[in-house]
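Coordinates in review
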Amino acid sequence: MNCLLKSFFVIMAFFLFFSCSSDKKSEQVTVADIHNPQSAEGLSKKEIEKMPILAFETLNYDFGKVIQGEQLSYVFKFTNTGKSNLIIYSTEASCGCTTTTPPKAPVKPGEKGEIKVMFNSKTQKGEVSKTVVVSANTYPTRTFLKIKANVVIP
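Note that the structure is a prediction, hence the values are computed from the model and not measured.

1. So, the sheet that holds strand 5 (residues 98-101)
With antiparallel pairing, four strands are arranged side by side in an open sheet as 1-3-6-5. Among the strands making up the open sheet, the edge pair consists of strand 1 (54-56) and strand 5. The sheet shows a mean angle of 30 degrees between the axes of neighbouring strands, direction not considered. Where strand 1 meets strand 3 (residues 71-80), three bridges bridge the pair, whose relative direction is antiparallel.

2. Comments concerning the side chain of Thr 143
Tracing the sequence through the fold places Thr 143 in strand 8 (residues 142-152). The residues touching Thr 143, leaving out its near neighbours within four places in the chain, are Leu 54, Phe 56, Leu 59, Val 132, Val 133 and Val 134.

3. A few points about the nonpolar core
Core analysis: the biggest nonpolar cluster contains 22 residues, and Phe 56, Phe 78, Phe 119 and Val 134 have the highest contact counts within it. Those elements giving two or more residues to this core turn out to be strand 1, strand 2 (60-67), strand 3, strand 6 (112-120), strand 7 (126-136) and strand 8. Beyond its immediate sequence surroundings of up to four residues, Phe 56 is in contact with Phe 76, Lys 77, Phe 78, Ile 115, Val 134, Thr 143 and Leu 145.

Conventions we followed
Every chain's residues receive numbers from 1 upward, in the order its sequence appears when written. Residues qualify for local features only when their pLDDT is at least 70, as the model is predicted, and side-chain atom pairs are given and counted only at 80 or more; totals for whole chains, interfaces and linings, by contrast, use all residues. Side-chain numbers come from the whole structure's heavy atoms, not from hydrogens or water. Strands were regarded as paired on the criterion that DSSP finds at least two bridges between them. Helix and strand labels come from DSSP, where a helix needs a run of H or I of at least four residues and a strand needs a run of E of at least two; each type is numbered from the N terminus. Only the stretch in contact is used when a helix axis is fitted, and all axes are lines through C-alpha atoms; the angle between N-to-C directions ranges over 0 to 180 degrees. Whether two residues are in contact is decided by their heavy atoms, any of which lying within 4.5 Å being enough. Among buried residues, those of type Ala, Val, Leu, Ile, Met, Phe, Trp, Tyr and Cys that are joined through side-chain atoms within 4.5 Å constitute a nonpolar core. Burial status follows relative accessibility: with a 1.4 Å probe on protein chains alone, a residue under 20% of its type maximum counts as buried, one over 50% as exposed, and anything between as partly exposed.

Right, here's the structure in full:
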């Protein structure tokens, strides 16, 4: 009976493995897409050249003078100028008053993407500066985006 049960699980695992394939090859992440950028220093120049490159149009945005309580947003636009799929693992803001919306799917070489940054000025006053850390399969692994505002009390 134990052998029959093991055979059943092996057959089920085989069935599940081959039945879960998707026709959407363009959105699948492959092993070739996953790099360990922190160890890129040990890679050859040729290997590094194959990695994705996160090229932002700008790394800084100034909202200027805003009234306390305003909820503001800005879209940081970028292009993957590298030679493999770009995967953004996370975006972390320096403060709870700032949130982000990164792309969920890999960005192919040559494609454009965007990260929306929302800033709530409700608890802020004066000159404020917030940082968003973008972590991706690039070298270096982190890119820093900055937003600024001069929050005035109404």
